[in-house]
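Reading the structure
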Amino acid sequence: MPDAAPPTLLEHLQSVTEQLAAARTPSAVYDIVLTPALSALGALAAMILQIGAELLGSADPALQIMAVRGDLGTLPHIWQETTLSDVRPTTDVLRTGRALYFEGGGDLSTAYPDLEVQTGAVPPVATAVLPMLLDGQPLGVLLLDFREPHHFTPDERLFLETLSAQCAVALGRAQAQQFLEQQVRLRTRALEEQSAALDAFVKFTEAAGTQTDVADLAQQALTLLSQRFSGSSGVFYRPDNQMGPQAWRAQRWTPDLEESQVRLGERALAATLPTLSEAAKRPWATFSGPGELGQRACAVYPLWITAQLSGLLILHLAPQQDWTEQGKLLLSSVGRSFNLALERAQLTARLSRQNTELEARSVMLERFALLARDFAFETDPYLLVGKAQDIVLPLLPRGAAAYYELDGGTWRIKVQSGQRVNEDLWTVLNAGLPYARTPVLSVPWQTRQPYYQDVYDPAPDQLSGPAAHVGASASMPVLVGGQPYGVFVVGLHEAHHWSRLDRAVLGTVTHSLSLALERAQSAATLRQRTQALEAANEELEGFTYSVSHDLRTPVRHVAGFTTLARRALKSGQSEKAERYFDIVEQAAERMNALVDAMLDLSRTSRQAMTLEVVDLNALLAQAQDALSPDLAGRQIDWQLSRLPSVLGDRATLQQVMTNLLSNAVKFSRGREPAHIEVWAQPRPGEWAVFVKDDGAGFNATYQHKLFGMFQRLHRADEFEGAGVGLATARRIVARHGGQMFAESEVDRGATFGFTLPRQE
């Protein structure tokens, strides 16, 4: 039988594809790819250079030789490890993403004349250099060297380029597989360590569940730790104020230590040591190696009770041992359980004290009820706050109270009382505090919830120096009508646990204060409405005069031309009578339009405003949509800039925007194309919004009439309208606390605008 034909390139490729699907390691991928690459094209040698996984993403990663098959000949070889910044065939294909083929002797040297000098080697006769890219990122290079000149046919090039692409995908998959296996191993180890830590935690919790004596709890903790850490030594220390502010006294220790050793160790302990200083700041374990607290690795677990450092649990490991992650978890779990047991013991003692305090505070609450009656007879807001402070302070430990209100972006003290210990602090407070950097005030303001700190931390408020003597704080939001009005703050000179009774007292006082302030504000609002009513009556007189004057004209037309029409009909002049009746009809329509305009203006003045954050860009777009019938057949060049968001009533502000845009479209009629520009400018405390057109304009001499009722600066046969739109817009803007303005020249366009308060 004849010899079997050698596999075709397609068959080689199919075989490689099937084998790569099962490859799980980079070395397997190298074998599967390089062997058929050699045999299919009769190459002398094949090689893979790859960027190491640890170098991916670095600034200048290196290409490393990962696998070689075939005969490379004598060393050094021209294909050497290099960085991507070098100019070589291997780096160029990765930069461009395109393969390079050198088919004859001298082609490679011609393309890269410095290559022999750089490598000290003779280049091969023919070479194929193919990039391996993964998700568009360089991964490595596939190289084939030939002993004789070799013409790479299109099929061979397609074969090699497909082979390099499949190699890149397979290597990426293999690397991902290795990474996942490593993560599984690490996770398994972590779970085992956590399980051991949980077991230690449960056992000690069971042992300490019935104990309340601190010394006995410490002995049980040390016994458990010495059993878990063979050869370890441990001591439990408590502060000893009689020996000094930084002195520690050993209360319990492991059996391997003599008391003389323990007492000697007491002298070595001081809060200035790095490990103890760190432990005194953080409520968790601190681990150190040999040399800092003795010659052995050790751990310091601080025991905090009610934000006070109440003890130190120190454990030294056996010589030559160091802390593992499992060991750290074990000690931390025991320390947390010890701390919880101590807190429970102290809580029992605290409850007993609170029962005694409750009786005394009940008497004080009677005084609070009597003083609270004063709220019913006072309307001055700050006198009300002062009375609230007088009620609260006697019911709490020594301290002071302050009431703040927000002034722009600064907190200002309005009322203060109590014992002032540090005048420097009050100097800083009276100067004002920034809103964004004072969470003791901004947190209750934003959340509308009380903000208690048993141990006041001045650092977030940037008051570490002046407020160092403040021990505890309570910040209560004062709400009027459901909205923040101010912040009622109490600062105590010592740390204090805010009990339920404390919180009930503060909550009741601030709630009563809020009600009293609402009542006072209602009285002030009533006075303001009375004044507004008086002003409205004055405006009504002027409005009545304007209405009577402007409505009288169409009424006179109706009366006069009706008489003329009657005479014309009697004399048989029907055409003249019909013309008179047309004038009467026009006058009636004019009068009807004036009445509708009056009703619209009246509704605008009376309807309640719903304040919300309004995006003026949305109003502008809606106004353009509303005017689309007027834009038919018009050529308008719109120049629309980004507008701000403001606090206002969306419906009435839409009227303003639509009115101004409608006027710009109407009075630019006849301009082809017309130009209409809308923009905004920030001003101190307000936004100014402008609408500019290049239309008919108006005589600036009569500018004062623009915003009056039924005032028109153009003839009715030139531009339609009732002369009420700008008056309505001015009233809406005025209700928002803004103003309207305009400027123009005849036949050179006009610019209308309005201002609205700017929200900080």
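Bear in mind the structure is a predicted one, so any value in this text is a computation, not a measurement.

All right, on to the overall build of the chain then. Assigned secondary structure in the chain consists of 19 helices and 24 strands. With the model as given, the accessible surface of the chain reaches about 40300 Å², and the carbon-plus-sulfur share is 53%.

Here we come to unusual backbone geometry. The peptide bond linking Glu-672 to Pro-673 adopts the cis configuration, its omega dihedral lying at 0°. Not every positive phi belongs to a glycine, and Gln-320 is a case in point at roughly 70°. Examined against the element boundaries, Gln-320 turns out to sit in the loop between strand 11 (308-316) and helix 10 (325-372). Judged by relative accessible area, which is 82%, Gln-320 ranks as exposed. We note that Arg-448 has phi near 60°; this positive angle belongs to a residue other than glycine.

Attention now goes to the sheet that holds strand 5 (residues 126-134). Judged by pairing direction, the sheet is antiparallel, and its six strands sit side by side in the order 3-2-1-6-5-4 without closing on themselves. Bordering the open sheet on either side are strand 3 (82-83) and strand 4 (100-102), each of which pairs with just one other strand. When strand 5 meets strand 6 (residues 137-146), the two strands line up antiparallel, connected through nine bridges. Counterpart to Ala-126 in the pairing with strand 6 is Phe-146. Helix 2 (residues 26-41) rests against strand 1 (45-51), strand 2 (62-70) and strand 6 of the sheet, and its axis sits at about 55° to strand 2. Its contacts with the sheet put helix 3 (residues 89-96) on strand 1, strand 2, strand 3, strand 4, strand 5 and strand 6, and the angle it makes with strand 5 is roughly 40°.

Here the focus is the sheet that holds strand 8 (residues 248-253). Overall, antiparallel pairing links the five strands, which are arranged 8-7-11-10-9 in an open sheet. Strands at the two margins of the open sheet, each flanked by one partner only, are strand 8 and strand 9 (286-288). In this sheet, neighbouring strand axes are inclined to one another by 25° on average, regardless of whether the strands run parallel or antiparallel. Looking at chain direction, strand 10 (residues 298-305) and strand 11 are connected through eight bridges and run antiparallel. Bridge pairing in strand 11 links Leu-303 to Gly-311. Across the face of the sheet, helix 7 (residues 214-228) comes into contact with strand 7 (233-239), strand 8 and strand 11 while running at roughly 60° to strand 8.

Counted according to the given criterion, the structure contains eight salt bridges. Between Arg-634 and Glu-672 there is a salt bridge, with the nearest N and O atoms lying 3.9 Å from each other. Remark: Glu-672 occurs in the loop between helix 18 (650-667) and strand 21 (674-683) and Arg-634 occurs in the loop between helix 17 (628-631) and strand 19 (636-640); sequence separation between them is 38 residues. The class for Arg-634 is buried, based on a relative accessible area of 18%. Taking relative accessible area as the criterion, Glu-672 reaches 46% and is therefore assigned partly exposed.

What follows covers the pairing of strand 16 (residues 472-480). Counting buried positions along strand 16 yields eight of nine residues, so the element is predominantly enclosed. Note: strand 15 (residues 451-453) against strand 16, three bridges, orientation antiparallel. Bridge pairing in strand 16 places Tyr-452 opposite Ala-474. Here strand 16 pairs with strand 17 (residues 483-492) via nine bridges, running antiparallel. Within strand 17, the residue paired with Ala-474 across the bridge is Val-490. Hairpin remark: strand 16 followed by strand 17, antiparallel, with two residues in the connecting loop; positive phi at Gly-481, about 65°.

Here is what the cut-offs are and how they apply
- Residues numbered from 1 in each chain as written.
- Predicted model: local features only at pLDDT ≥ 70, side-chain atom pairs only at ≥ 80, totals over all residues.
- Heavy atoms only, no water.
- Helix = DSSP H or I, 4+ residues; strand = E, 2+ residues; numbered from the N terminus.
- Areas by Shrake-Rupley, 256 points an atom, 1.4 Å probe, with all protein chains shown as cover.
- Buried < 20%, exposed > 50% of the residue type's maximum accessible area, 1.4 Å probe, protein only.
- Pairing = 2+ DSSP bridges.
- Contact = heavy atoms within 4.5 Å.
- Axes fitted to C-alpha atoms, helices over the stretch in contact; angles between N-to-C directions.
- Salt bridge = Lys/Arg side-chain N within 4 Å of Asp/Glu carboxyl O.

What is shown is where atoms sit, not what they do.
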